Amino acid sequence: MKNEIIPLQFTLYESEADLPADDKELLEKAEEAVHKAYAPYSEFKVGAALRLTNGMVIQGNNQENAAYPSGLCAERVALFYASAQYPSMGVDAIAITVNSPNGLLENPIPPCGACRQVMAETESRFRNKMRVIMRGQTGPIMVVNEMSTLLPFTFLDKHLPKKRTK
Ligand code: THU
């Protein structure tokens with residue numbers, strides 16, 4: 001038997017002013033995207049902004065629906081749009097933030113499990129580590145340098161059996 005420990009490295013910044021310039025710019029783009037979210041049911045508006053490897057910034061926000069499960073998170077809206085429009089481009093970083101009329105959210109918002117899965121596959125697909133910048137409406141900013149921090153033991157295409165050749 002063997003017990004192992006995985007160290008997880010993250011950085012906490014006290015305020016936006018302390019962030020590296022690129023991260024600050026991306027977080028501001030996510031803050032801008034929050035206000036265009038369509039979240040009439042949860043009233044939990046999420047904004048995401050990602051930077052492609054060519055420097056382009058893509059924004060996304062959550063899109064809800066009266067048939068609740070038909071909606072989609074901000075992160076996946078941004079990632080799928082990016083993949084649809086720029087299918088050969090990796091993602092260097094993504095910033096995520098929120099806004100809710102039901103109380104000030106002062107803790108960084110981590111992406112949900114399904115979004116982590118898509119983020120991890122994007123990272124693996126382009127062999128390009130994705131920095132994740134997370135913030136509540138206000139308060140500290142948490143940054144991780146790669147998806148393995150948020151989703152260790154990721155299920156990836158390499159775990160699928162190879163297709164049979166006829
Ligand atoms: N949501 C996101 O957009 N991203 C996440 O990572 C967590 C949850 C959205 C989905 C839904 O529209 C609302 O937040 C409440 O769960």
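Reading guide: rules and limits
Counting starts from 1 at the beginning of each chain's written sequence and moves along it residue by residue. Restriction of local features to residues with pLDDT of at least 70 applies here, the model being predicted, together with a cutoff of 80 or more for giving and counting side-chain atom pairs; totals for whole chains, interfaces and linings are based on all residues. To get the side-chain values, take all heavy atoms of the structure and skip hydrogens and water. Think of it this way: any DSSP run of H or I at least four residues long counts as a helix, any run of E at least two long counts as a strand, and we number them from the N terminus. Between the first and last residue of a helix there are one fewer steps than residues, each counted as 1.5 Å, and that sum is the expected span. Residue exposure (1.4 Å probe, protein chains only): buried if accessible area is under 20% of the type maximum, exposed if over 50%, otherwise partly exposed. Comment: arc refers to directions from the helix axis out to C-beta atoms. In this analysis, two residues are considered to be in contact whenever any of their non-hydrogen atoms come within 4.5 Å of each other. Here a strand pair is declared whenever DSSP counts at least two bridges between the two strands. As a rule, the C-alpha atoms of each element are fitted with a line to give its axis, helices using only the stretch in contact, and angles between N-to-C directions run from 0 to 180 degrees. Proximity criterion: a residue is near a molecule or strand once any of its heavy atoms comes within 4 Å of it. Polar contact is defined as a pair of N or O atoms within 3.5 Å, subject to the rule that within protein one atom must be able to donate a hydrogen and the other to accept it, and that residues adjacent in sequence are counted only when both atoms are side-chain atoms. Residue-level accessible areas treat just the shown protein chains as cover; the underlying method is Shrake-Rupley with a 1.4 Å probe. Under the scheme applied here, ten amino acids are nonpolar (Ala, Val, Leu, Ile, Met, Phe, Trp, Tyr, Cys and Pro), four are charged (Asp, Glu, Lys and Arg), and all others, including Gly, are polar. Method remark: on a 1 Å grid restricted to protein atoms, a set of points is classed as a cavity if a 1.4 Å probe fits but cannot get out and as a pocket if it is open with protein on both sides within 12 Å along at least five of seven lines; lining residues have an atom within 4 Å of a point. Grid points are joined across faces, edges and corners, and a volume is the space filled by probe spheres set on the points. Nine residue types can take part in a nonpolar core, namely buried Ala, Val, Leu, Ile, Met, Phe, Trp, Tyr and Cys, and a core is a set of them joined through side-chain atoms within 4.5 Å.

Novice: Just checking my understanding: could you explain helix H1 (residues 21–34) for this structure?
Specialist: For an α-helix, 3.6 residues make a turn, and residues three or four places apart therefore share a direction. Taking 1.5 Å per residue, 14 residues should reach 20 Å; H1 reaches 20 Å between its end C-alpha atoms and fits that length. Residues of H1 that are buried: Asp23, Leu26, Leu27, Ala30, Ala33 and Val34. Here the buried residues of H1 occupy an arc of 115 degrees about the axis, which is enough to place them on one side. Against strand E2 (45–52), strand E3 (57–61), strand E4 (91–99), strand E5 (131–135) and strand E6 (141–144) lie the buried residues of H1.

Novice: I keep staring at the sheet that holds E3 and nothing clicks. Help me out?
Specialist: Two strands in a sheet stick together by hydrogen bonds in their backbones, pointing the same way (parallel) or opposite ways (antiparallel). Ordered by their spatial adjacency, six strands build an open sheet running E1-E6-E5-E4-E2-E3, and the pairing between neighbours is mixed. Of all strands in the sheet, those bounded by a partner on one side alone are strand E1 (11–13) and E3. For this sheet, the mean inter-axis angle between neighbouring strands, taken without regard to orientation, is 15 degrees. Pairing between E5 and E6: four bridges, direction antiparallel. From the neighbouring strand, arginine 135 faces E6, where its bridge partner is isoleucine 141. Sheet strands touched by H1: E2, E3, E4, E5 and E6. Its angle to E2, the strand with the most contacts, is close to 140 degrees. With respect to the sheet, helix H2 (residues 74–85) is in contact with E2, E3 and E4, its orientation differing from that of E2 by roughly 30 degrees.

Novice: What is the right way to read the site of the ligand from this model?
Specialist: Surveying the vicinity of the ligand reveals the residues Ser42, Phe44, Val46, Asn62, Glu64, Cys73, Ala74, Glu75, Pro111 and Cys112. Alanine 74 is positioned such that a nitrogen or oxygen atom in its backbone is 2.9 Å from an oxygen atom of the ligand. Taking glutamate 75, its side chain carries an N or O atom lying 2.8 Å from an oxygen atom of the ligand. For the ligand, whose unbound accessible area comes to 370 Å², protein coverage reaches 75%. Here the shell around the ligand is composed, by residue class, of six nonpolar, two polar and two charged.

Novice: I tried to follow empty space enclosed by the protein on my own but got confused; where do I start?
Specialist: Any space left empty among the atoms is revealed by the rolling of a water-sized probe across them. For the coordinates displayed, the defined rule picks out one cavity of 30 Å³ or more. For the largest cavity, the calculated volume is near 40 Å³. Every residue along the wall of the largest cavity is listed here: Leu79, Ala82, Ser83, Met89, Val91, Thr122, Arg125 and Phe126. Of all elements in the fold, only H2 and helix H3 (113–126) reach the threshold of two or more residues within the lining of the largest cavity. Broken down by class, the residue content of the lining of the largest cavity amounts to five nonpolar, two polar and one charged.

Novice: Please clarify how the nonpolar core should be interpreted in this entry.
Specialist: Grouped together as the largest cluster of nonpolar side chains are 25 residues, with contacts concentrated most on Leu50, Leu79, Ile94, Met119, Val132 and Met147. Of all the secondary structure elements, the ones that give two or more residues to this core are E2, H2, E4, H3, E5 and helix H4 (147–150).

Novice: Would you take a moment to explain the layout of surface pockets for this structure?
Specialist: Put simply, the largest pocket is a space of about 170 Å³. As for the largest pocket, its lining consists of Ala120, Glu123, Ser124, Arg127, Asn128, Lys129, Glu146, Met147, Ser148, Leu151, Thr154 and Leu156. Mapped onto the lining of the largest pocket, the elements with two or more residues apiece are H3 and H4. Of the residues forming the lining of the largest pocket, the biggest block, three residues, is contributed by H3. In the lining of the largest pocket, the residues fall into four nonpolar, four polar and four charged.

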